[in-house]
Amino acid sequence: WGPIQDKKAVVSTQSTGENPERCQKRRRVNKLSDSKSKLRVAIDCSFDDLMSEKDIIKLSKQVQRCYTINRHMDDPLQLHLTNIQGKTLERMEGFVDGYKNWDIHLKHESLIALFPPSEIVYLCAESENILAEFDESKVYVIGGFVDHNAHKGLAYERAIAAGFGHARLPIDKYFKIATRKVLTVCHVFEIISNFCISGSWESAIENTVPGRKGLEALDSAKQDSDVEDNDLTRDTPI
């Protein structure tokens, strides 16, 4: 399964005389029902009881960012928000205006109630399976979790116990990172969306991971250096 869409073209308004700002705004409203992409990505919000109020606030902001990224794609991914209840639901209802009207698959049910286990691929840093491409018959799950290393490996343990498939992003196949190896929920989603646009993991990772992380391409690193296990997702157990 290759790239699901071409890179976004710059909108030309010279020939039409349209206001550029209005034209760009119109392009950014892209419905899931009209999307050519059938790739399913789910954010699993089942970690409420393990997060502080501060981290739940961070998670809600990251979810908003994921939604914004998706809406700006020419062909949005089929984005699911699952197990939305408890403290996360309270935060969304109290502080996220209009979230009930989002063009998203918003579900209160758990992953296992929504999808057959055979279709679920949980993104876990600890997985020995390196993600190479996407399969539209699967649903790829990002753990909705902000934990700052407090619960390392939890998503992987849950995936194994539930009989879900699992995989890790191929970040350590292409890069070393000089600083603390943490990616947020929205960074993970952005890497996925960028890969779907470009078809290149290298480009998707390089254009997403913040510069302060000190990304270093492996082909420019020492050849005798061992690549560390990918531990990039401690803000989310993926």
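Everything here concerns the structure above.
Because the structure is a prediction, the values reported are computed rather than measured.

A. Seen up close, the packing of helix H2 (residues 53-71) against helix H3 (residues 86-95). It is the contact of H2 with H3, at a shortest axis distance of 10 Å, that shows an interaxial angle of 60°. The two elements H2 and H3 meet at a crossing, and its hand is right-handed. Taking contact as the criterion, the partners of Ile56, Ile57, Leu59, Ser60 and Val63 in H2 are, on H3, Lys87, Thr88, Arg91 and Met92. Class assignment of the residues belonging to the contact of H2 with H3 gives a composition of 5 nonpolar, 2 polar and 2 charged.

B. Representation of the pairing of strand S2 (residues 78-82) within the structure. Taken across its 5 residues, S2 has 5 buried, putting it largely inside the fold. Neither face of S2 is left uncovered, since the one carrying Gln78, His80 and Thr82 and the one carrying Leu79 and Leu81 both have all their residues buried. Direction of pairing for strand S1 (residues 40-44) relative to S2: parallel, over a ladder of 5 bridges. Opposite Arg40, over in S2, you have Gln78 as the bridge partner. Of the crossover connections in this fold, the one passing from S1 over H2 to the parallel S2 is right-handed.

C. View of the pattern of salt bridges. Applying the stated criterion across every chain yields a total of 4 salt bridges. Residues Lys100 and Glu93 are paired through a salt bridge, measuring 3.9 Å at the closest nitrogen-oxygen approach. The partly exposed category is assigned to Glu93, whose relative accessible area is 47%. Between Asp172 and Arg168 there is a salt bridge; the shortest N-O distance is 3.3 Å. Judged by relative accessible area, which is 9%, Asp172 ranks as buried. Since its relative accessible area comes to 12%, Arg168 is described here as buried.

D. Examining the pairing of S1 more closely. Here S1 lies mainly inside the structure; 5 of its 5 residues are buried. Here S1 runs beside strand S5 (residues 139-143); their pairing, made up of 5 bridges, is parallel. Residue pairing in the sheet places Ile43 in a bridge with Ile142 of S5.

Rules used in this analysis
- The numbers attached to residues start from 1 for each chain and follow its sequence in the written order.
- The predicted nature of this model means local features are confined to residues of pLDDT at least 70 and side-chain atom pairs, given and counted, to a pLDDT of 80 or more, with totals for whole chains, interfaces and linings taken over all residues.
- Calculation of side-chain values draws on the structure's entire complement of heavy atoms; hydrogens and water are dropped beforehand.
- Where helices are involved, their axes are fitted lines through C-alpha atoms of the stretch in contact, as for all axes, and angles between N-to-C directions lie from 0 to 180°.
- Helix numbers and strand numbers start at the N terminus; a helix is a DSSP run of H or I with at least 4 residues, a strand a run of E with at least 2.
- Here a crossing is taken to be left-handed if its near helix is turned anticlockwise relative to the far helix by less than a right angle, and right-handed if that turn runs clockwise.
- Here, two residues are considered to be in contact whenever any of their heavy atoms come within 4.5 Å of each other.
- Think of it as three bins: nonpolar holds Ala, Val, Leu, Ile, Met, Phe, Trp, Tyr, Cys and Pro, charged holds Asp, Glu, Lys and Arg, and polar takes everything else, Gly as well.
- Summary of the burial criterion: residues with accessible area below 20% of their type's maximum are buried, those above 50% are exposed, and those between are partly exposed, where the area comes from a 1.4 Å probe applied to protein chains only.
- DSSP calls a pair of strands paired once it identifies at least 2 bridges connecting them.
- Whether a crossover is right-handed comes down to one check: with the strands pointing away from the viewer, does the path from the first strand over the helix to the second run clockwise; if it does, it is right-handed.
- The rule for a salt bridge is simple: a side-chain nitrogen of Lys or Arg has to be within 4 Å of a carboxyl oxygen of Asp or Glu.

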